[in-house]
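Working through the structure, step by step
The chain contents come next:
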There are 2 protein chains.
Amino acid sequence: MAIKSEASDEPEILNLENFLPYRLYRLADAVSREFSRIYKDSHGLTRPEWRTLSGLGQHGTMTASAIGEQSAMHKTKVSRAVAELERRRWLTRTPDENDRRVEHLALTKAGLAAYREMVPLAKAFERELLAKLSVSEREAIANGLAALQAALGKG
Amino acid sequence: MAIKSEASDEPEILNLENFLPYRLYRLADAVSREFSRIYKDSHGLTRPEWRTLSGLGQHGTMTASAIGEQSAMHKTKVSRAVAELERRRWLTRTPDENDRRVEHLALTKAGLAAYREMVPLAKAFERELLAKLSVSEREAIANGLAALQAALGKG
DNA sequence: TTTCGATGGTTACAAATGAAACCAGTTTGG
DNA sequence: CCAAACTGGTTTCATTTGTAACCATCGAAA
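For clarity, every value in this text was computed on a predicted model and none was experimentally measured.

As for the protein's contact with DNA strand D
As a matter of local geometry, DNA strand D sits amid 21 residues, with A:Ser65, A:Lys75, A:Arg93, A:Arg101 and B:Arg100 nearest to it. At the protein interface, 56% of the atoms of DNA strand D within 4 Å belong to sugar or phosphate. Interatomic distance of 2.7 Å between a backbone N/O atom of B:Arg100 and a phosphate oxygen of DNA strand D. Among the residues making up the surface near DNA strand D, the classes are represented as three nonpolar, eight polar and ten charged.

Next up, the structure:
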């Protein structure tokens, strides 16, 4: 089934429900809202904080800009998330030897513990969501998202 | 062995880039941000305002709650969007005969004109985005999104 | 009727966000 | 060298958002 939204009869009407940007956003919003319970309800984290934690848990040590690139967040979001995680003593900053503008961020024991606690929940969430789809549907969403991602990347 | 590679097999590490909620959100965000230029740059509309306009343009007359349902927005967002569109004189409210809590909303000439001006741009945006995909990729994204939507709907 | 719970919609307030200005340190080109 | 441009990161301010409380009206039930 192709996306035929706009091929509809009335040329000057936009069918919002079938409009790709809207569908995508609505879906992402719903999924994200559901998922946020894992980090919000249990630890009161915001999404930027969760992503920062997740980036550091995954990579060990990163600079703020690296976190921004990996998780597609503006540097102000990263800055605020890092500040909050530091306040919780979930991460520490280490100044760079050569470039004094740069700080290397890493999780503390407590931060790592929280990360390790949430990872299985996150994986379970994704697994359960995907379990509602058939094999071919899972393939479809994976391929579709990858293709769109690639299309956007190329401008 | 590489230090921290594609370790999606490592059970206690979450690979953010491949995590469905994140991929979905990032994609939706990018697409939505691009698309927002059509209503933001030209008329200074917010997303809720655009959606409200779009709903009314599509359906002619709606109540605020109907708009909320159709476009998946909380009633406060709808309320504020409606207030702003009214301030611009892009829509008018008509009290319901039988239920004095309800107002029927409809676009004015000016509102309709703005809507009609933006619809072709929106359609072009979607068309150009989809044009970057192959036929099978378009099918994949359509099927994948529909499947996910259905899966969420069923709880 | 009177009362109580739902419903349509608005408002108040706190928190999250985005844009731009900003600070410090670093690189580059003349 | 040194000014200008750039980069990593923070802060400020206005706008947007989410939550909850709220107001008015309606419907049902006692």
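Resuming the write-up.
Some thoughts on the protein's contact with DNA strand C
In the vicinity of DNA strand C there are 21 residues, among which A:Lys77, B:Ser65, B:Lys75, B:Arg93 and B:Arg101 approach most closely. Between B:Ser79 and DNA strand C, the recorded distance is 2.8 Å, taken from a side-chain N or O atom to a phosphate oxygen. For DNA strand C, a base oxygen lies 2.7 Å from a polar atom in the side chain of B:Arg101. Breaking the surface near DNA strand C down by element, the ones donating at least two residues are helix H4 (75–87) of chain A together with helix H3 (64–71) and helix H4 (75–87) of chain B. When its residues are assigned to classes, the surface near DNA strand C shows three nonpolar, seven polar and eleven charged.

Points about the confidence of the model for chain A
With 92% of its residues at a pLDDT of 70 or more, chain A has an overall mean of 93. In the model, residues 1–9 of chain A has pLDDT below 50 throughout and makes 18 contacts with residues more than four positions away in sequence or in other chains.

Some points on the UniProt feature "domain: HTH marR-type" (unreviewed entry) in chain A
In the numbering used here, UniProt assigns the feature "domain: HTH marR-type" (unreviewed entry) to residues 17–150 of chain A. Between the C-alpha atoms that bound residues 17–150 of chain A the distance is 24 Å, and the span itself is 72% helix and 10% strand.

Considering the pattern of salt bridges
Inspection of the entire model under this criterion finds twelve salt bridges over all chains. Between B:Arg88 and B:Glu84 there is a salt bridge, with the nearest N and O atoms lying 3.2 Å from each other. When its relative accessible area of 24% is taken as the criterion, B:Arg88 is described as partly exposed. Across the salt bridge formed by B:Glu103 and B:Arg93, the nearest N and O atoms sit 3.0 Å from each other. Pair noted here: B:Glu103 is in strand E3 (residues 103–107) and B:Arg93 is in strand E2 (residues 91–95), with a separation of ten residues, a long-range link. For B:Glu103, a relative accessible area of 34% translates into the label partly exposed. The network of salt bridges with shared partners includes A:Glu84, A:Arg87 and A:Arg88.

Considerations on the interface of chain A and chain B
Chain A puts 64 residues into the contact, and the matching count from chain B is 62 residues. For the pair chain A and chain B, the summed buried area comes to about 6200 Å², and 68% of that belongs to carbon and sulfur atoms. The tally of links between chain A and chain B comes to zero salt bridges. Our enumeration of links across chain A and chain B arrives at 19 residue pairs in polar contact (both at pLDDT 80 or more).

Some thoughts on the packing of aromatic side chains
Within the structure shown, the criterion is met by ten aromatic pairs over all chains. On the basis of an interplanar angle of 65° and a centroid distance of 5.0 Å, the ring pair of A:Phe19 and B:Phe35 is categorised as edge-to-face. Of this pair, A:Phe19 sits in the segment before helix H1 (20–43) while B:Phe35 sits in helix H1 (residues 20–43), on two different chains. Of the two residues examined, A:Phe19 and B:Phe35, each falls in the buried class. A ring pair is formed by B:Phe35 and B:Phe125, whose centres lie 5.2 Å apart and whose planes are at 55°; its orientation type is tilted. In this pair, B:Phe35 is assigned in helix H1 and B:Phe125 in helix H5 (residues 109–131), connecting sequence segments 90 residues apart. A single burial state applies to B:Phe35 and to B:Phe125, both of which are buried. Cluster of aromatic residues (ring-pair linked, three or more members): A:Phe19, B:Phe35, B:Tyr39, B:Trp50 and B:Phe125. Between A:Arg47 and the ring centre of B:Tyr25, over which it is positioned, the NZ or CZ distance is 4.0 Å.

The rules behind these values
- Residues numbered from 1 in each chain as written.
- Chains lettered and ligands numbered in written order.
- Predicted model: local features only at pLDDT ≥ 70, side-chain atom pairs only at ≥ 80, totals over all residues.
- Heavy atoms only, no water.
- Near = heavy atom within 4 Å.
- Polar contact = N/O pair within 3.5 Å; in protein donor to acceptor, adjacent residues only side chain to side chain.
- Nonpolar A, V, L, I, M, F, W, Y, C, P; charged D, E, K, R; others polar.
- Helix = DSSP H or I, 4+ residues; strand = E, 2+ residues; numbered from the N terminus.
- pLDDT = per-residue confidence, 0-100.
- Contact = heavy atoms within 4.5 Å.
- UniProt positions renumbered as here; feature names shortened; annotations may be inferred.
- Salt bridge = Lys/Arg side-chain N within 4 Å of Asp/Glu carboxyl O.
- Buried < 20%, exposed > 50% of the residue type's maximum accessible area, 1.4 Å probe, protein only.
- Buried area = accessible area lost by both parts, 1.4 Å probe.
- Phe/Tyr/Trp six-rings, centres within 6.5 Å; stacked < 30°, edge-to-face > 60°.
- Lys NZ or Arg CZ within 6 Å of the ring centre and 35° of its normal.

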